[in-house]
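Residue strings, one per chain:
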Amino acid sequence: MAILPIIETPDPRLRVISKPVGTFDAELKTLVADMFETMYDAPGIGLAAIQVGVAKRILVIDLQEPDPDDEEGKKVIREPRVFINPVFSDESEEHSVYQEGCLSVPEQYADVTRPAEVTVDWQDEDGKHHQERMTGLMATCIQHEHDHLEGILFIDHLSRLKREMVLKKLAKLRKAA
Ligand code: NI
């Protein structure tokens, strides 16, 4: 496995529309494993293949929610999930707001409104089809990651003023680094 470099805005590759995966081979499994390692290392809860420069419709997600049995509240439960060629339907009319961040827009966070629930059809690493109704943080996270496949970043959902503020803060952060 390998930790891959994460590309950041304004890299034009983040605006590319990713292509469907048609071959479910060992190379795909290696890429998925590398994406998980990269995501955990960052650390983050989701990563799209284009964020490591691969324009394929592949998402990895692990919400890493706190372990309820850990009294100190430090441990998390790992539940790695991979979504290949995800397709959405039946978005709920009800919306929810989460403070989102993105490994390609480092250390910047802003509230984004999205449908609270969505049904997702996808394939796993072996090409097998699945469907599930996503709710809560998973619904938000998978919509954020799916946006990457369409060349969309979470900052595109903000008002122009708010987006410019985020980008200004990011430029300042980079200058300081
Ligand atoms: Ni992102």
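**A word on the nonpolar core**
Right, so step 1: The biggest cluster of nonpolar side chains holds 16 residues, and the ones touching the most others in it are Ile61, Phe83, Val120, Met134 and Ile142.
Right, so step 2: Mapped onto this core, the elements with two or more residues apiece are strand S2 (58-61), strand S5 (81-89), strand S8 (118-123) and helix H2 (136-149).
Right, so step 3: Tallying contributions element by element places H2 first for this core, with 5 residues.
Right, so step 4: Residues in contact with Met134, not counting those within four places in the same chain, are Arg81, Phe83, Ala116, Glu117, Val118, Val120, Trp122, Ala139 and Ile142.
Right, so step 5: Judged by nonpolar contacts, the second largest core, of 15 residues, contains Phe36, Leu47, Val52 and Ile58.

**A look at H2**
Right, so step 1: Helix length check: H2 (14 residues) gives 21 Å between terminal C-alpha atoms against 20 Å at 1.5 Å per residue, within 8%.
Right, so step 2: In terms of residue burial, H2 counts as a mostly covered element, since 12 of its 14 residues are buried.
Right, so step 3: Looking only at H2, the buried set comprises Met138, Ala139, Thr140, Cys141, Ile142, Gln143, His144, Glu145, His146, Asp147, His148 and Leu149.

**Some thoughts on the coordination of the nickel ion**
Right, so step 1: Looking at the metal site, the nickel ion is ligated by Cys102 (SG), His144 (NE2) and His148 (NE2), spaced 2.1 to 2.3 Å from it.
Right, so step 2: Read N to C, the donor residues that coordinate the nickel ion are spaced as C-x41-H-x3-H. Of the two residues, Cys102 sits in strand S6 (residues 95-102) while His148 sits in helix H2, which places them 46 residues apart along the sequence. Accessibility classification places Cys102 together with His148 in one group, the buried group.

**Structural notes on the environment of Lys162**
Right, so step 1: Mapped onto the elements, Lys162 comes out in helix H3 (residues 160-176).
Right, so step 2: Residues Lys162 and Ala110, 52 residues apart in the sequence, show an inter-C-alpha distance of 8.5 Å.

**Points about unusual backbone geometry**
Right, so step 1: In this model, Thr9 is joined to Pro10 through a cis peptide bond whose omega is 10 degrees.
Right, so step 2: Ala42 connects to Pro43 through a cis peptide bond whose omega is -10 degrees.
Right, so step 3: Relative to the helices and strands, Pro43 resides in the loop between helix H1 (26-41) and strand S1 (46-48).
Right, so step 4: The backbone of Asn85 shows a phi angle near 50 degrees, a positive value even though the residue is not glycine.
Right, so step 5: With respect to the helices and strands, Asn85 occurs in strand S5.
Right, so step 6: Classification of Asn85 by relative accessible area gives buried; the value is 15%.
Right, so step 7: Although it is not a glycine, Asp90 sits at a positive phi angle of roughly 55 degrees.
Right, so step 8: Tracing the backbone through its elements, the reader meets Asp90 in the loop between S5 and S6.
Right, so step 9: For Asp90, a relative accessible area of 55% gives the class exposed.

About the criteria used
- Residues numbered from 1 in each chain as written.
- Predicted model: local features only at pLDDT ≥ 70, side-chain atom pairs only at ≥ 80, totals over all residues.
- Heavy atoms only, no water.
- Core = buried A, V, L, I, M, F, W, Y, C linked by side-chain atoms within 4.5 Å.
- Buried < 20%, exposed > 50% of the residue type's maximum accessible area, 1.4 Å probe, protein only.
- Helix = DSSP H or I, 4+ residues; strand = E, 2+ residues; numbered from the N terminus.
- Contact = heavy atoms within 4.5 Å.
- Expected span 1.5 Å × (residues − 1).
- Donors = N, O, S within 2.8 Å, 3.2 Å for Na, K, Ca; no water.

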